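Report on the structure
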Amino acid sequence: MAAGGGSSSLQLPCVFSPKSRQYLALCAQDGRLRIWNTDSKTLHQEYVPSAHLSATCICITWGPCRTVKEGPQRKKRKSEAGQVEEKADLLAMGTAAGTVLIYSTAKGSLHCTLDGGHSGAVNCVQWHPEDSILYSGSDDTNIVEWDLQTGKTRSKWKADRAAVTSLSVSPDGKLLLSAGQVIKMWDLDTKEVYRKFTGHSTAVTTLCFATTRPPDSNGLYFLSGAAHDRLLSVWQVREDGKDKNSVVSFTLTDEPQHIDLVTSNRKEEALRMAVVCKDGQLHLFEHFLNGPCKKPMSPSCTVQMSDTKDSPVPIPLLAAGLGADTRSILLAYGNHLQPVMEKVEINTSERHICLTRDVHTSLSLSIETAVSKVKTPIVNTNSRVLVPGLPGHQAPVKGISQGSEKRKKDTDTKEMSIAERIGEIDLSSVSKGKGAPKGTISLQTDNFAVLLVQGLESSDANILNKVFQTRKEMVIKKTVARLPLPAVLPLVEEITKRLQGHPFTAVLMVRWLKAVLMHHTSYLASLPDLVTQLGVLYHMIESRVKMFHKLTKLHGKLYLLMTQVATSDSSNTVTDVDHTAKLVYEEESSDEDEASGDEGLPDHDSDNWEEEEEEATEEKMEEDKEEHADEEEDPDNRTDSKANGEEDMEHGDESEEE
């Protein structure tokens with residue numbers, strides 16, 4: 001059984017169906033599930049999830065082969081006896097939205113959706129070998145056990161502090177391996193930890209059992225591979241519990257991406273394994289599992305693929321399936337949008353094997369058989385099209401009379417060569433404003449469209465270079481808008497080819513590509529083989545932009561560092577403090593205080609301040625003497641005033657009585 005449940009989110013899942021290897025299931029960058037028939041090398045089914053862009057598929061795992069009945073009783077297939085041949089039917093897909101989709105290849109549609117169990121992205125799914133049970137691990141650190149007959153969760157438990165990135169169920173269905181950074185072995189009856197294994201510094205992306213022996217016989221082994229790790233570790237489940245370290249290591253050239261193995265049932269039987277790495281190489285191993293081995297095991301055979309060009313380019317391998325024969329291997333290579341499947345015979349006695357394949361010819365064969373709506377127009381020599389911008393018109397266009405029309409009918413039979421047309425069309429002749437003669441008209445943008453069509457049909461690099469060198473946005477937009485529809489796809493292919501060249505030409509080509517996508521999106525969307533046509537362009541853009549996110553992160557960190565350094569420098573250099581007061585505040589006082597203050601203050605500074613004080617004291621003495629004299633002189637006045645006061649009081653009392 002292909003171990004595809006433990007694929008990380010950075011890798012696109014790609015898994016062969018178990019036993020017969022009849023189907024290859026994979027999810028490409030567009031989020032669609034495609035199932036290819038390995039026998040006929042054709043697309044068997046395609047399924048587009050409802051949220052294939054927002055909730056992308058992270059992992060794919062085939063269910064155990066089941067008996068599938070045709071007809072109205074198809075829904076009861078889980079409980080039926082094996083009357084029909086067993087086939088790979090159900091397919092589990094874990095999505096970034098936390099749901100698990102169950103797809104049925106027999107029905108060709110979605111069987112059911114398992115949701116409500118996870119709050120994070122589902123990183124791995126594994127089937128129970130016998131019962132209708134599915135296990136899923138997620139970023140929310142939980143493992144969920146699903147019952148497929150009811151579509152609901154049977155149990156849920158926390159598995160790790162970090163995200164659960166890989167799962168594997170033992171062949172007897174009694175043990176479950178889960179891994180984040182620590183590998184744990186669970187007893188599925190009690191849901192308790194049976195053993196723990198530590199040794200990986202990064203997230204474990206691959207887990208699979210290597211033997212089918214019981215755990216209490218010291219013969220149970222399993223494999224593990226981690227992200228950014230070029231080793232596959234083999235662990236032994238020992239009866240005495242002394243299984244802290246891995247017993248065997250297999251060396252790889254890169255992180256393992258896809259593993260297929262033939263399990264060992266006895267000590268005398270060797271473990272056969274095919275590992276596809278992230279760099280696109282295939283490594284074959286054959287080893288007898290009978291205890292620890294100190295030396296890392298190197299592959300018995302390494303397989304690479306390349307194309308047949310003068311400077312060969314490696315073709316990445318996507319998946320591999322081991323056959324019953326030790327020499328035959330089923331390979332899937334190329335791109336995820338349209339993989340190529342092939343069964344090859346490999347001589348394992350050779351350490352390194354390089355297979356050369358012409359992928360483009362095999363792709364073009366399948367493309368040519370497909371129905372295409374792009375048709376090349378058939379031009380009749382007897383008919384004459386009176387549309388400006390088509391071959392037959394010369395640029396610059398001149399005002400013509402009836403006599404010249406007759407002459408043109410005679411000359412139309414003899415068609416001009418492309419070289420003569422290029423000679424007559426002077427791209428540098430632009431109208432010089434009002435001073436230009438009235439009879440000649442400047443080169444219009446429809447001439448660029450004509451040139452572009454001619455260059456694409458004849459694959460003439462000179463014409464295409466002259467057209468593509470223009471930098472004016474308006475000219476590019478009008479040229480693309482006036483292109484005939486059959487020329488759009490060849491233009492996209494030419495743009496893709498030039499984008500792969502020098503970055504300077506790529507800058508110019510991006511403007512043309514933008515104009516094509518703005519004007520002709522509806523036409524491109526109507527093409528049946530659009531994915532294969534634009535797949536190369538998509539992969540190229542993705543590879544170009546892959547480092548941009550890391551560069552922006554680095555730029556942000558450097559910017560933070562530079563700003564911190566600048567602020568620390570500015571804080572060290574302290575400027576001189578300005579001691580002059582910027583603002584003086586005076587309290588306001590009442591008018592009386594102001595008046596008294598004004599009187600008390602001398603008008604000018606006096607040096608004879610002691611004499612002034614003596615004069616002031618003398619004046620006060622004289623005033624006191626005068627007051628005493630007045631008091632002595634007028635004692636009668638005081639008594640009179642008192643009498644007057646009493647009289648006044650009496651008058652007041654009288655008035656009150658009245």
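Here is what the cut-offs are and how they apply
Residues numbered from 1 in each chain as written. Predicted model: local features only at pLDDT ≥ 70, side-chain atom pairs only at ≥ 80, totals over all residues. Heavy atoms only, no water. Helix = DSSP H or I, 4+ residues; strand = E, 2+ residues; numbered from the N terminus. Buried < 20%, exposed > 50% of the residue type's maximum accessible area, 1.4 Å probe, protein only. Contact = heavy atoms within 4.5 Å. Areas by Shrake-Rupley, 256 points an atom, 1.4 Å probe, with all protein chains shown as cover. Pairing = 2+ DSSP bridges. Axes fitted to C-alpha atoms, helices over the stretch in contact; angles between N-to-C directions. Phe/Tyr/Trp six-rings, centres within 6.5 Å; stacked < 30°, edge-to-face > 60°. Lys NZ or Arg CZ within 6 Å of the ring centre and 35° of its normal. Polar contact = N/O pair within 3.5 Å; in protein donor to acceptor, adjacent residues only side chain to side chain. Arc of directions from axis to C-beta. pLDDT = per-residue confidence, 0-100. Parallel < 35°, antiparallel > 145°, perpendicular 65-115°, else oblique. Nonpolar A, V, L, I, M, F, W, Y, C, P; charged D, E, K, R; others polar. Salt bridge = Lys/Arg side-chain N within 4 Å of Asp/Glu carboxyl O.

As a further point, take the overall build of the chain. Each helix and strand in the chain was counted, giving 14 helices and 30 strands. For the chain, buried positions account for 40% of its 658 residues. The contacts in the chain between residues at least 6 apart in sequence include a share of 51% that link residues at least 24 apart. On the chain, roughly 39,500 Å² of surface is accessible, and the fraction owed to carbon and sulfur atoms is 52%.

Right, let's talk about the sheet that holds strand E23 (residues 256-262) for a bit. Within the open sheet, the 5 strands sit side by side as E23-E24-E25-E26-E30. Their pairing is mixed. Bordering the open sheet on either side are E23 and strand E30 (352-356), each of which pairs with just one other strand. Put simply, the sheet's adjacent strands are angled 20 degrees from each other on average, direction ignored. Pairing between strand E24 (residues 271-277) and strand E25 (residues 282-287): 6 bridges, direction antiparallel. Counterpart to Ala 274 in the pairing with E25 is Leu 284.

According to the stated counting rule, one finds 9 aromatic pairs in the structure shown. Aromatic side chains Phe 197 and Phe 222 sit 5.0 Å apart centroid to centroid with 75 degrees between the ring planes, which places their arrangement in the edge-to-face category. Of this pair, Phe 197 sits in strand E18 (residues 192-197) while Phe 222 sits in strand E20 (residues 220-226); the two residues are 25 residues apart in sequence, bridging distant segments of the chain. Each member of the pair Phe 197 and Phe 222 is classed as buried. Among the aromatic residues, ring-to-ring pairing joins Phe 197, Phe 209, Phe 222 and Trp 235 into one connected group. One cation-aromatic arrangement involves Arg 195 over Tyr 194; the distance from NZ or CZ to the ring centre is 5.0 Å.

Right, let's talk about the sheet that holds E20 for a bit. Spatially, E19-E20-E21-E22 is the arrangement adopted by the 4 strands of the open sheet, whose pairing is antiparallel. The open sheet terminates on both sides in strands that have one partner only, identified here as strand E19 (204-209) and strand E22 (248-251). When strand polarity is set aside, the average angle formed by the axes of neighbouring strands in this sheet is 20 degrees. Pairing between E20 and strand E21 (residues 231-237): 6 bridges, direction antiparallel. Within E21, the position partnered with Tyr 221 by the bridge is Gln 236.

Below, the discussion takes up unusual backbone geometry. A positive phi is found at Arg 21, a non-glycine position, where the angle reads about 55 degrees. Of note, the phi angle at His 228 is positive, near 60 degrees, even though the residue is not glycine. By the secondary structure assignment, His 228 is in the loop between E20 and E21.

Our next topic: the environment of Thr 61. As for its position among the elements, Thr 61 is in strand E5 (residues 57-62). For Thr 61, a relative accessible area of 1% puts it in the buried group. The spatial distance from the C-alpha of Thr 61 to the C-alpha of Leu 90 is 8.9 Å, given a sequence separation of 29 residues. In terms of polar contacts, Thr 61 uses its side chain to reach the backbone carbonyl oxygen of Val 125, at 2.9 Å.

Those residues of helix H5 (residues 461-468) lying buried are Ile 463, Leu 464, Val 467 and Phe 468. The buried residues of H5 all sit within an arc of 120 degrees when viewed along its axis, so they share a single face. N-capping of H5 is provided by Asp 460, with a side-chain oxygen placed 3.0 Å from the backbone N of Asn 462.

In this model, the chain carries a mean pLDDT of 77, and residues with pLDDT of at least 70 account for 72%. Long-range and interchain partners of residues 1-9, a stretch whose pLDDT sits below 50, account for 36 contacts in this model, where long-range means more than four residues apart. The low-confidence segment residues 361-373, where pLDDT is below 50, has 8 contacts with residues more than four positions distant or belonging to other chains.

Contact geometry of H5 with helix H7 (residues 488-499) gives a least axis separation of 13 Å together with a crossing angle of 85 degrees. The angle between H5 and H7 places the two elements in the roughly perpendicular class. Seen from H5, the contacting residues are Ala 461, Leu 464, Asn 465 and Phe 468; seen from H7, they are Leu 491, Glu 494 and Arg 498. Residue composition of the contact of H5 with H7, by class: 4 nonpolar, 1 polar and 2 charged.

Enumeration over the complete set of coordinates arrives at 11 salt bridges. Note that Arg 266 is salt-bridged to Glu 268, the shortest N-O span being 3.9 Å. Several salt bridges converge on common partners, so that one network encompasses Arg 32, Arg 34 and Glu 46.

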